[in-house]
Amino acid sequence: MPEDEACEHRSAGKTPSGMDAFSARRSSRAARLSRAAARARLVARLARARAHGRAHTLSHLVTTRCNGRCQTCLWRDPGLTELDTEMVKWLYGEAGRAGLAQLVVWGGEPLLRQDLPELLLAARRAGLLTTLITNGWFLSERWRELRGRVDALILSLDDVGPAHDALRDLPGLYERLEAFVGAVRTDPLRPTLLINTVLSSLNRGALARVAPVAARWHAGLYFCPMETGLVTSAGAAAALADLALPPEELRAAAHTAAALKRAGFPILASRPYLELLARDPELRAYTCRAPRARLTVGADGRLRDCSHSDRHLADVRELRAAGEPLSRVFRLPGYQRMLERSASCTKCNNPDVIELSWLWDLRPAMLRKVAALTSM
């Protein structure tokens with residue numbers, strides 16, 4: 001905004017968006033109250049789901065299309081047939097009726113789906129708190145459609161400036177992210193802002209570079225070692241192992257993250273996770289409970305068996321056609337077998353999986369983390 005125009009807004013008692021100061025304060029207060037109520041519902045649903053031993057989170061790979069070309073990605077598949085709008089809306093409605101508390105929408109690049117605002121509205125009507133994961137390329141153009149329908153926004157940021165653009169093969173991406181974050185900073189409907197940084201041999205030392213950006217953006221910072229492959233019925237396949245950091249560098253990353261956390265940077269990894277990563281960089285010393293806490297649905301509608309990714313537990317299209325609810329999945333023999341297998345599996349190195357497992361086990365550090373995140 002030109003300086004003379006900004007002065008006119010200030011002299012008229014208005015915010016740069018054109019809203020008068022009183023209305024802006026009232027809108028901001030209403031937004032805070034709405035977020036507080038939504039988070040209270042989230043905590044209540046999490047508690048109920050855990051008490052009944054059922055999943056509380058729906059993880060939806062909403063599309064495998066992407067405008068980026070990340071070498072570390074396992075999910076890009078432009079040819080995969082996606083669920084249509086009505087089928088996704090049915091899925092989200094069923095998730096709400098099954099008592100799930102939250103939805104995580106990811107890809108691919110979710111904003112390539114033109115119906116995304118309609119899908120997120122369906123999730124909100126189902127009572128789900130929604131987290132959207134995006135590379136951010138289309139955010140500025142599409143935020144008006146998405147505004148008020150996203151509770152937490154995770155921006156994928158693997159480095160700073162042109163280095164990040166090169167990793168995504170999207171020149172100008174970092175500048176777009178800076179512009180978007182600056183534009184929503186004072187928005188009363190601004191979602192909780194988070195950053196996710198994937199560590200690989202392609203961005204050595206990125207944590208120290210990204211942490212100051214996270215602080216400046218008032219965003220929490222997640223990081224995770226890159227995933228090198230999926231677990232199939234034949235065993236673990238590590239197709240991208242050559243890009244992964246060696247154990248000694250992951251150990252160093254854990255020490256770096258711990259130092260940044262102590263210095264006040266918004267590192268979201270818990271102290272137990274950082275201690276585990278420093279002690280055991282291959283992250284084998286945990287018991288996986290993630291499938292108990294989370295249902296994962298692929299872009300084609302298949303419910304993923306994380307222990308046998310080449311098989312699936314069910315298909316949401318078939319469930320709907322048969323008049324069966326999504327909750328039917330919890331009673332399937334294949335679902336029970338997956339839970340049994342996962343308890344002895346430590347193939348995942350994602351802190352989400354590990355900390356979600358600890359949350360399921362009601363570890364105090366994870367309960368404190370949930371409390372901190374819901375207050376952001």
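What this report covers is the structure whose coordinates are included nearby. (Residues numbered from 1 in each chain as written. Predicted model: local features only at pLDDT ≥ 70, side-chain atom pairs only at ≥ 80, totals over all residues. Heavy atoms only, no water.)

## What about the pairing of strand β6 (residues 220-225)?
Under the convention used in this document: For the exposure calls, accessible area comes from a 1.4 Å probe over protein chains only, and a residue counts as buried if that area is under 20% of its type's maximum, exposed if over 50%, partly exposed in between. Each helix is a run of DSSP H or I of at least 4 residues and each strand a run of E of at least 2, with the numbering of both proceeding from the N terminus. Between any two strands, pairing holds if DSSP finds at least two bridges. Crossovers are described as right-handed under a simple rule: with the strands pointing away from the observer, the path leading from the first strand over the helix to the second runs clockwise.
Among the six residues that make up β6, six are buried, leaving the element largely enclosed by the rest of the structure. A two-sided burial pattern is seen for β6, the buried positions comprising G220, Y222 and C224 on one face and L221, F223 and P225 on the other. Note that strand β5 (residues 192-199) and β6 share six bridges and pair parallel. The partner of T197 across the bridge, within β6, is F223. Handedness of the crossover joining β5 and β6 through helix α8 (residues 206-217): right-handed.

## Brief notes about empty space enclosed by the protein
Note the following rule: Residues are called lining when one of their atoms sits within 4 Å of a cavity or pocket point, these points coming from a 1 Å grid over the protein atoms alone, where a cavity is a set in which a 1.4 Å probe fits but cannot get out and a pocket is an open set with protein on both sides within 12 Å along at least five of seven lines. Grid points are joined across faces, edges and corners, and a volume is the space filled by probe spheres set on the points. Under the convention adopted here, Pro, Cys and the residues Ala, Val, Leu, Ile, Met, Phe, Trp and Tyr are nonpolar, Asp, Glu, Lys and Arg are charged, and Gly plus all remaining residues are polar.
Applying the stated criterion across every chain, the model contains one cavity of 30 Å³ or more. The computed volume of the largest cavity comes to approximately 80 Å³. As for the largest cavity, its lining consists of C70, Q71, T72, D158, L167, R168, V198, S200, L202 and N203. Of the residues that constitute the lining of the largest cavity, the class distribution is four nonpolar, four polar and two charged.

## Observations regarding helix α3 (residues 85-97)
Let me state the cut-off plainly: The span expected for a helix works out to 1.5 Å for each residue beyond the first.
Along its 13 residues, α3 runs 18 Å from first to last C-alpha, staying within 8% of the 18 Å computed at 1.5 Å per residue. Those residues of α3 lying buried are T85, M87, V88, W90, L91, Y92, G93, E94, A95 and G96. Trailing α3 by a residue or two, G99 shows a phi angle of about 90 degrees, which is positive.

## Some thoughts on the pairing of strand β2 (residues 102-106)
Most of β2 sits out of view: five of its five residues are buried. Taking every second residue as pointing to the same face, both faces of β2 are buried, with Q102, V104 and W106 on one and L103 and V105 on the other. Once the chain exits strand β1 (residues 57-61) it traverses α3 before rejoining the sheet at β2, and the crossover so formed is right-handed. Alignment of β2 against strand β3 (residues 129-134), held across four bridges, turns out to be parallel. Bridge pairing links V105 to L132 in β3. Crossover handedness for the path β2 to helix α4 (residues 116-125) to β3: right-handed.

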